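Here are the chains, one letter per residue:
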Amino acid sequence: MSDLRAPLRPKRKKGVVDFLVQFRWIFVIFFVLPFSALYYFLIYLGDVRSEMKSYKQRQKEHDENVKKVVKRLKQRNPKKDGLVCTARKPWIAVGMRNVDYKRARHYEVDLSAFRNILEIDKERMIARVEPLVNMGQITRVTVPMNLSLAVVAELDDLTVGGLINGYGIEGSSHIYGLFSDTVVAYEIVLADGRVVRATKDNEYSDLFYAIPWSQGTLGFLVAAEIKLIPVKEYMRLTYTPVVGNLQDLAQGYMDSFAPRDGDQDNSEKVPDFVEGMVYSPTEGVFMTGRYASKEEAKKKGNKINNVGWWFKPWFYQHAQTALKKGEFVEYIPTREYYHRHTRCLYWEGKLILPFGDQWWFRFLLGWLMPPKVSLLKATQGESIRNYYHEMHVIQDMLVPLYKVGDALEWVHHEMEIYPIWLCPHRLFKLPVKTMVYPEPGFEQHHRQGDTPYAQMFTDVGVYYAPGPVLRGEVFDGAEAVRKMEQWLIKNHSFQPQYAVSELNEKDFWRMFDADLYEHVRRKYGAVGTFMSVYYKSKKGRKTEKEVQEAEQAHLETAYAEAD
């Protein structure tokens, strides 16, 4: 694709909802931010209280809570109680998908107590945690020990359960894969109330490989054992600007972490962390990081930047300065680096609070940031919710590394959204074919970033209001997402299920592979107990009858046609 000219669009007539969205910052400042700060503080106190408990006490509470889940499941009458789901409110999830399936009648199971770090095993280098433990909570415990999860998703609020059952990525994923690739064991409560531990080499190995991307439709995740790695106190971060067309930017991004000689496993050539931000069709900044000791960071002449302080410039704007001053290096405290995008929610904070990046706001009220996403969703109302679905995009495109340039050109032509986030990740060749998988025969091509055991992919993160919306032009958000999904299917790429999807069932199973998932759902009794992943991800309200009829169709026929 080479024609980057945006299509001509007529002007859009604005209405009352546009006015409400434009001035929603008033409500955010006086209501959402104060309540968010109070909520975060109370959660912090709860986390500290949990950390003060002994291992035996936390394990005892965990076992008791698991028994409650089992008891609740066994009390269910399948003929009259409906399908099973968690008792979490629809607006609590961080993603933009509005969990419409919970608006139908369902049999709820409360998992709200599962938010404890059960154990940090330094000998096995494993963290055993419950599903509602979030990234901020776990880095607060592990980083002072010079330990970390191998993959730490950037936003504090993202939970272990969501990152396992859904999708999780970070700048270290070009080495370790997606968040679910770093899990060594799952503790699952199955539909019949059995509690099992699934690993890649025990009798539940099929369940182990099927859990990622399943959205909690195979059973209830109640604990996970996750790989830990040793880390140092600082991240030595290099900011490299690149100027050119979108294909040039894509090549500069690839060259920042993928050696052209194919030596992808050489730690001398491959950085610990990688991230890219494309600010326009001709400008991008690519960052590479390596862990550094406190002694190195504090050497004379080295610059330390505490990006986590509330009054500091937002990280994406700070990185953008490399376009003017050229390549530079600085040292960032490791935990602050992990959560560098939390305060401004990448660049979404600019839409929520148009002046939130100004120095005076950061100094006076920056300590209240970020607003709690769940509170924003809970207070937006149906009309504003629909507005965001049409006039706002929060999507991730997981594409093979060699197709990043094409993906950037597609986004520019169809959505015209900037900045664009780039983050590489390995998609491993596993013993079984899971819902997401590398291109068949990828290892024969020896492309940049690939190895014999994994194909390099990239998350192309598209988060913001499209250019046509900012210019007041007509924009059909649903149609744009449909086009994006078809592009992804055509290019062996994937769409994380947290996002709003327009896929029909046939196309959903063209994008994802159903075989292992279908086998495991039948084997472990999930059909008729848990909603299938397609219906859980499907946009729009769903009645109990609609879902049950669909589940029955799965029992009588194959899943959906696979292309």
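The shown structure was predicted, so the numbers you read here are calculated from the model rather than taken from an experiment.

With respect to the packing of helix 17 (residues 404–414) against helix 19 (residues 477–490)
Turning to step 1, where the next piece is worked out: Contact pair helix 17 / helix 19: the axes reach a minimum separation of 11 Å and the direction vectors enclose 165°. The orientation of helix 17 relative to helix 19 falls into the category roughly antiparallel. Helix 17 and helix 19 meet at a crossing whose hand is right-handed. Contacts between helix 17 and helix 19 involve D406, A407, W410 and E414 from the first element and A480, K483, M484 and W487 from the second.

Some thoughts on the layout of surface pockets
Turning to step 1, where the next piece is worked out: A volume near 490 Å³ is recorded for the second largest pocket.
Turning to step 2, where the next piece is worked out: For the second largest pocket, the lining is made up of 23 residues, of which S180, D181, T182, F428 and L430 are closest to its centre.
Turning to step 3, where the next piece is worked out: Where the lining of the second largest pocket is concerned, the elements lending two or more residues are helix 6 (173–176), strand 6 (183–189), helix 7 (205–210) and strand 14 (420–428).
Turning to step 4, where the next piece is worked out: Take the lining of the second largest pocket: its biggest share by element is 3 residues, from strand 6.
Turning to step 5, where the next piece is worked out: Residue composition of the lining of the second largest pocket, by class: 17 nonpolar, 3 polar and 3 charged.
Turning to step 6, where the next piece is worked out: Counting the residues that make up the lining of the second largest pocket, at least three belong to each of domain 1 (57–230) and domain 3 (386–500).

Things to note about the confidence of the model for the protein chain
Turning to step 1, where the next piece is worked out: Counting all residues, the mean pLDDT for the protein chain is 90, and 91% of those residues have values of 70 or more.
Turning to step 2, where the next piece is worked out: For residues 557–563, every residue scores under 50 in pLDDT, and the model assigns this stretch 16 contacts once sequence neighbours within four places are set aside.

A word on unusual backbone geometry
Turning to step 1, where the next piece is worked out: The linkage connecting M369 with the following residue, P370, adopts the cis geometry, with an omega of 0°.
Turning to step 2, where the next piece is worked out: Position of P370 among the secondary structure elements: in the loop between helix 14 (359–365) and helix 15 (373–378).
Turning to step 3, where the next piece is worked out: Although it is not a glycine, N146 sits at a positive phi angle of roughly 60°.
Turning to step 4, where the next piece is worked out: Residue position: N146 is located in the loop between helix 4 (135–142) and strand 5 (147–149).
Turning to step 5, where the next piece is worked out: By relative accessible area, N146 is classed as partly exposed at 30%.

So, the sheet that holds strand 14
Turning to step 1, where the next piece is worked out: Spatial strand order, 12-9-11-10-14-15-13: 7 strands in an open sheet with antiparallel pairing. Two strands lie at the open edges of the sheet, namely strand 12 (328–333) and strand 13 (393–400), each paired on one side alone. For this sheet, the mean angle separating the axes of adjacent strands, direction not counted, is 25°.
Turning to step 2, where the next piece is worked out: With 10 bridges connecting them, strand 9 (residues 234–243) and strand 11 (residues 283–292) associate as antiparallel partners. Across the sheet, residue Y234 finds its bridge partner in strand 11, namely A292.

Digging into the pairing of strand 14
Turning to step 1, where the next piece is worked out: Burial runs high along strand 14: 8 of the 9 residues are buried.
Turning to step 2, where the next piece is worked out: The sheet contact formed by strand 10 (residues 273–280) and strand 14 spans 3 bridges and is antiparallel. Residue M277 lies in a different strand from strand 14, and its bridge partner there is W421.
Turning to step 3, where the next piece is worked out: Of the pairings in the sheet, the one linking strand 14 to strand 15 (residues 454–464) comprises 9 bridges and is antiparallel in character.

A look at the domain arrangement of the protein chain
Turning to step 1, where the next piece is worked out: Entries for the protein chain in the domain assignment read domain 1 (57–230), domain 2 (234–381) and domain 3 (386–500).
Turning to step 2, where the next piece is worked out: Averaged C-alpha coordinates put domain 1 and domain 3 at centres separated by 25 Å.
Turning to step 3, where the next piece is worked out: If you look at the interface, domain 1 gives 21 residues, while domain 3 gives 25 residues.
Turning to step 4, where the next piece is worked out: Taking both sides of the interface into account, the surface hidden between domain 1 and domain 3 amounts to around 1900 Å²; carbon and sulfur atoms contribute 69%.
Turning to step 5, where the next piece is worked out: Summed over the shared surface of domain 1 and domain 3, the result is 0 salt bridges.
Turning to step 6, where the next piece is worked out: For the side of domain 1 that touches domain 3, the element with the highest residue contribution is helix 6, accounting for 4 residues.
Turning to step 7, where the next piece is worked out: Partitioned by chemical class, the residues of the side of domain 1 that touches domain 3 number 9 nonpolar, 8 polar and 4 charged.

The rules behind these values
Residues numbered from 1 in each chain as written. Predicted model: local features only at pLDDT ≥ 70, side-chain atom pairs only at ≥ 80, totals over all residues. Heavy atoms only, no water. Axes fitted to C-alpha atoms, helices over the stretch in contact; angles between N-to-C directions. Helix = DSSP H or I, 4+ residues; strand = E, 2+ residues; numbered from the N terminus. Parallel < 35°, antiparallel > 145°, perpendicular 65-115°, else oblique. Left-handed = near helix turned anticlockwise from the far one by under 90°. Contact = heavy atoms within 4.5 Å. 1 Å grid on protein atoms, 1.4 Å probe; cavity = no way out; pocket = protein on both sides within 12 Å on 5 of 7 lines; lining within 4 Å. Points joined across faces, edges and corners; volume = space filled by probe spheres on them. Nonpolar A, V, L, I, M, F, W, Y, C, P; charged D, E, K, R; others polar. Domains from an automatic or database assignment. pLDDT = per-residue confidence, 0-100. Buried < 20%, exposed > 50% of the residue type's maximum accessible area, 1.4 Å probe, protein only. Pairing = 2+ DSSP bridges. Buried area = accessible area lost by both parts, 1.4 Å probe. Salt bridge = Lys/Arg side-chain N within 4 Å of Asp/Glu carboxyl O.

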